[in-house]
Every structure is written in C-alpha cells, then in structure tokens.
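Coordinates in review
Residues per chain are reported as follows:
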Amino acid sequence: MTKPQPETLVLEADETSGFPNSPLPVLIYRQILDTSEENLAARFEALFARHRWPPQWRYGLYDFDHFHSTAHEALGVFRGQAHVRLGGPDGCKLDIAAGDALVLPAGVGHACLEASDDFTMVGAYPLGQSWEVERGQPGELESICRRVAAVALPDEDPVGGALLSLWRQGAETTEQ
C-alpha cells in the first residue's frame, strides 16, 4: 500500500513576533478521509490513535496566533472549512476543509482567520507529549527554540503517511 503524500511547507523562525516555527515541514494531507462516509470525527480519532497519536479534543482553531513548544500536533478537519494562517502573524495562508489533516511540528504558529460556522477538528499529539499554548515572545525566542528543538520526533505519522522520512530529512538538515 502506498503511503499518503502530503503537501509540505517549511516556516522559518520569526524573530519580530517570537514564533520559532520549525525546520521540519508542516504536512498538509488533503482529503485523507472520504467525507461522504459517516462520523468523520470518530474516524479521525481512530486513525490518529492507531498511529499512536491519542486524540485529545474536538474543537475549532483559535483565532489568535499561537504554537506549542512541547508537542507536535495533528489536526483532522471533520466538519466545515477554514482559511488559516501558519507561521505566526506574517505567515502563510491556506484553506482547509473536512477530510483534510495537518501535522504541525512543535513551534509552528497557527491561527484561524475565517471559518464556516460548523468548522470543527480533532486534535491529537504523539504518545507521551503534552501540549500548551504559547503566543510568541520575541525576547524569549532563543529559549523557546531550544525547547522546540528538544521535542522528540514521533514514532509514527498520525495518518500513516510520509512524516518519518520527511521529518528525518529536516532534522538532519538542521544538524549539519
């Protein structure tokens, strides 16, 4: 069976706003689940759990730029659509919709700019990682970058895709 191939996006640190982002690529899996089937939320939860990324919540996406310095994050859109920003206040904008999954390396800023009234996602994190919400502190960027760099690579891709090879390449690039 072929592994799903994502779109990738690498976001550099933003010293002005204090968003560390990551040398590891954001993975954007389009229509990873068929939206015509029933109970998309439960199907995302089962998919993430099967790959050792326990689901922890069902909700939308905060409308303010934030990131997680202690955990990677998988987001499975199970209802609606949204226009989001990745990378902090000066980041990249993209549209996501039901059936899509995003995998954000620790440190990558994200915010919802606009969304349909029914926009909802499942959020999951690698086994053993705990998340928190940070909003970017320019004066603390160096220490935040160290914390982000210390977050272990996960053992599996939350959707069974190409994360391991893509993130190992990104990790090797930063070590050189």
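Residues numbered from 1 in each chain as written. Predicted model: local features only at pLDDT ≥ 70, side-chain atom pairs only at ≥ 80, totals over all residues. Heavy atoms only, no water.

Observations regarding helix α1 (residues 40-50)
Those residues of α1 that fall on the buried side of the exposure criterion are L40, A41, F44, L47 and F48. Down the axis of α1, the smallest arc covering the buried residues is 130°, so these residues share one side. Those residues of α1 hidden inside the fold are in contact with β3 (55-59), β4 (73-79), β7 (101-104) and β9 (120-124). Trailing α1 by a residue or two, R52 shows a phi angle of about 65°, which is positive. (Buried < 20%, exposed > 50% of the residue type's maximum accessible area, 1.4 Å probe, protein only. Helix = DSSP H or I, 4+ residues; strand = E, 2+ residues; numbered from the N terminus. Arc of directions from axis to C-beta. Contact = heavy atoms within 4.5 Å.)

Considerations on the packing of aromatic side chains
In this structure the tally under the stated criterion is five aromatic pairs. Plain terms: the ring middles of F19 and F67 are 5.3 Å apart, the flat faces sit at 65° to each other, and that makes the pair edge-to-face. Linking F19 in the loop between β1 (7-11) and β2 (22-29) with F67 in the loop between β3 and β4, this pair joins segments that are 48 residues apart in sequence. The same class applies to F19 and to F67, which are both buried. Taking 5.5 Å as the distance between ring centres and 10° as the angle between the ring planes, the aromatic pair formed by Y125 and W131 counts as stacked. With relative accessibility at 0%, the residue Y125 sits in the buried group. An aromatic cluster is defined as three or more aromatic residues linked by ring pairs; in this entry it consists of Y59, Y62 and F64. (Phe/Tyr/Trp six-rings, centres within 6.5 Å; stacked < 30°, edge-to-face > 60°.)

Taken by themselves, the reported measurements are silent on function.
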